[in-house]
Amino acid sequence: MPHTTLPVQPTTDSLNVQWLSGQLLQIAPQPDSEQLISMGNRELRSAEAQWLGLIDAGDQLAPDALFRIAHAVREHPQWQIVYTDEDQITADGQHTNPHCKPDFNLDYLRSLPYVGGLLLIRRDLFEALGGFDPQAEGAEDYDLMLRAWEHLQRTGAGEAAVGHVPEVLYHRLQGSGHTQKSVPEILQAGHSALQRHFERLGIAAQVQPGPFPPSFRVRWPLPEARPLVSILVPTRDQLPLLQRCVESVIEKTKYPAYEILIIDNDSQTIDARNYLAAIEAKEAELGGRLRVVRQPGPFNFSAMNNAAARAARGEYLLLLNNDTAALHDDWLDEMMGHAVRPDVGIVGAKLLYPDGKIQHAGVILGLRGPAEHPFIGRPPEDRGYFGRAQLTQDLSAVTGACLLVRKSVYEQAGGLDEQAFKVSYNDIDLCLKVREAGLRIVFTPYALLLHEGSASQKSGTETQPDNAKLKRFAAEKDAMYAKWLPQLAFDPAYNRHLSLASTDFLLDDQPCLSWDPDWRPRPRVLVHSADREGCGEYRIIAPMRALNRAGLTQGWETMRLFEPAEMERMQPDSLVVQRQMEWPQIEALERHARTSKAFRVFEIDDLITNLPHKSVHKSTIHKDIAKRFRKAAGLCNRLVVATEPLAKAYAHFTDEVVVQPNYLEAARWGHLQPERADRSKPRVGWAGGVGHTGDLELIADLVRDTASEVDWVFFGLCPEALKPLVKEFHPGVPLDQYAAKLAALDLDLAVAPLEDNAFNEAKSHLRLLEYGILGYPVICSDLTPYQGDFPVTRVANRYRDWTRALREAVSDRAALRAQGDALRAKVLADWMMEDHLDTWLKAWLR
């Protein structure tokens, strides 16, 4: 057997667990399997722990496994049996193949023993089940899970008592074996356990091998009196598609009890009109099995199907697009096998493009918008993520291109929504309504059809202008978010660690989207920097980093725009966006304003509406930048700027403007100390980028006339005319190397010229902070940004003033160093970010 007792009883908070391990405890000499299971049952029943845990020998628990499970159990006191996500660990400690599982999924469990790994069960439930079943040796945990589900159903606890902790807390040793049974014996044990499960339930289902071991295929029985299925096919023109669809159903449907209702939406082509008229003329001759329902007016997929549903005679309704075609004769038998189950409300099929690639293998909520199909474009034999493309399973939704539903369920759900979802998302909305009513949505890959994919919307059916279609589609997306956003963010058939940006079940590359929604130890802050350079670093990235490091926030920095379902996953308390003024960014802000409760902060640190004439950026700035800025800032609750002049300039852009000055991050700057080497000529330097062309013109003559007296050092930018005059020119470096590089210049004096214009008047004192923290004394322009109580030398922007100040400064090296020391002390005392994190919190939070 895989689990025998190990005398370990770890305790974490209120979670008291008695572990069973695959490590054999030889209680009797060479006991057989039944004896081992009996001994294990006795050990567990005698345990005083409230919870019993199952773990295989050699496998490992994550360090925080018990803490996370204890927290989850406290949050969900109704849980009686719990499983977690898992991965594999190689002999050298490498983690591979993470299995991020869905919440409890009965049909997936009947297709694959997916629970696996770490399984905890309440002791009273274990006792009620009689422990492990000796005849299930090789698959005892799978058998235990099936019997636990049956017991929970009988006692009324239901599936709400089956808990899933979506964290990789179990590390399975790769290649390890926990039983002496052979692989065929283990597979047979699982097969037998599942067959006994159906026998106990009184269901005449047949268990067969699945598409790959250790999967299963369950064939569900059909009643002798086959219920009538009404197949509803909406169409307009596109006769070749319609004919292929109808003829394939007639030719390749073994299920005998069906009728076909063609719902015509004002077909205009002669051949289509003649075809439909011929069917109408022969309705009596066809015994009403093939009928035409006329639905004139604007294209409304929901209204068309609802009209046909009212006219349908069948006990079941099959919504079938006109661009589909049956591929094998038992497709409807397979779907009906599930549809007649009392716990099932809707059944979906697997659909392939004409080239054979996957078009539909179910629907995942929140994927690339409100919902999307996973595994699109993969080969038909592709297993998908842990068999998800090839196995029967419960989903939150399936496509309306081929959707089978009991008519009474359809009516109780109100059918398809003709107002909010005329064309798009009506099928998803229907599935969610049916699931909310307590019924399953089942996807079966064994009903296989061809599907062109939205052919009815690409030509012939919708004749509205493209702008009207886009407007309608956007409105229907908004309606989905307004109605179902919490469900879209957390699809129980998916996993919050899997990305909503990909259809391939990939791990999310934005970890904030996988944070436990119930675990919020600090305010959650999502920040979007405008760039990865100085502006983004000083105003967004560094403050977020420092706040997280200090434990004051649970924050995340990204440049990717999140969709509403992703925002709902993270549920930030605040959203901080920096200079987001491209129209897609503004549209994202509009979505956030409609769908997210986050407090929205717009951040900007330049007078972007009044760039200097000499700025290299002026030619690339949008002509309507003021309009864009006003729109973006108006969508936010607060505007945060770096200086008082900026606050005055932008006071009329939004209701609240907050000044948050720039600071330096001590973790990056505090430890740096230039060498201050002795030399005959003083080193005088300047650092900056392409945006400072106009500023450098102020000191061009100064550089020329003092080049023989001092060694000029330029870092980042040096105009071609000045390069022959400077001693050293250092090109720019990546931002994470900038501070260290600036320190390595080992300057005796730094200069900070600023051209006198409105843009510069609104700038911050950041350059003084960078020079000052390194102990560089400074000569600067006497403009607003550099005024105040900084111990620097300020000069008017005149040649003689700059020249006199420079020569006086370098004439007394000792005084120069003392001035640098005083400036460094000032910066350390008043301008380190870590000392002012409370002001950043106040600026960013509601």
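Refer to the preceding data block for the structure.
The following refers to the structure shown. (Residues numbered from 1 in each chain as written. Predicted model: local features only at pLDDT ≥ 70, side-chain atom pairs only at ≥ 80, totals over all residues. Heavy atoms only, no water.)

### Overview of helix H18 (residues 625–634)
Okay, step 1: Inspection of H18 places Ile625, Arg628, Phe629, Ala632 and Ala633 among the buried residues, and these make up the whole buried set. With its buried residues spanning 120° around the axis, H18 presents them on a single face. Exposed and oriented more than 90 degrees from the buried face of H18 are Lys627 and Gly634.
Okay, step 2: At its buried positions, H18 is contacted by helix H17 (583–595), strand S27 (599–603) and strand S28 (638–641). (Buried < 20%, exposed > 50% of the residue type's maximum accessible area, 1.4 Å probe, protein only. Helix = DSSP H or I, 4+ residues; strand = E, 2+ residues; numbered from the N terminus. Arc of directions from axis to C-beta. Contact = heavy atoms within 4.5 Å.)

### What about the side chain of Asp531?
Okay, step 1: With respect to the secondary-structure elements, Asp531 resides in the loop between strand S24 (524–528) and helix H15 (534–549).
Okay, step 2: A distance of 3.2 Å separates polar atoms of two side chains, one belonging to Asp531 and the other to Arg579.
Okay, step 3: Contact partners of Asp531, with chain neighbours within four places excluded, come to Gly536, Ile541, Met559, Gln578 and Arg579. (Polar contact = N/O pair within 3.5 Å; in protein donor to acceptor, adjacent residues only side chain to side chain.)

### Focus: the sheet that holds strand S30 (residues 683–687)
Okay, step 1: Read across the open sheet, the six strands follow the order S32-S31-S30-S33-S34-S35; overall the sheet is parallel. The open sheet is flanked by strand S32 (728–731) and strand S35 (793–795), the only strands paired with a single partner. Mean inter-strand twist for the sheet, computed between neighbouring axes without regard to direction, equals 20°.
Okay, step 2: Looking at chain direction, strand S34 (residues 778–781) and S35 are connected through three bridges and run parallel. Within the sheet, the bridge partner assigned to Cys780 lies in S35 and is Arg794.
Okay, step 3: Running at roughly 180° to strand S31 (residues 711–716), helix H23 (residues 735–744) makes contact with S30, S31 and S32 of the sheet. (Pairing = 2+ DSSP bridges. Axes fitted to C-alpha atoms, helices over the stretch in contact; angles between N-to-C directions.)

### Points about the environment of Thr503
Okay, step 1: Looking at where Thr503 falls in the secondary structure, it is placed in the loop between helix H14 (466–489) and S24.
Okay, step 2: When its relative accessible area of 7% is taken as the criterion, Thr503 is described as buried.

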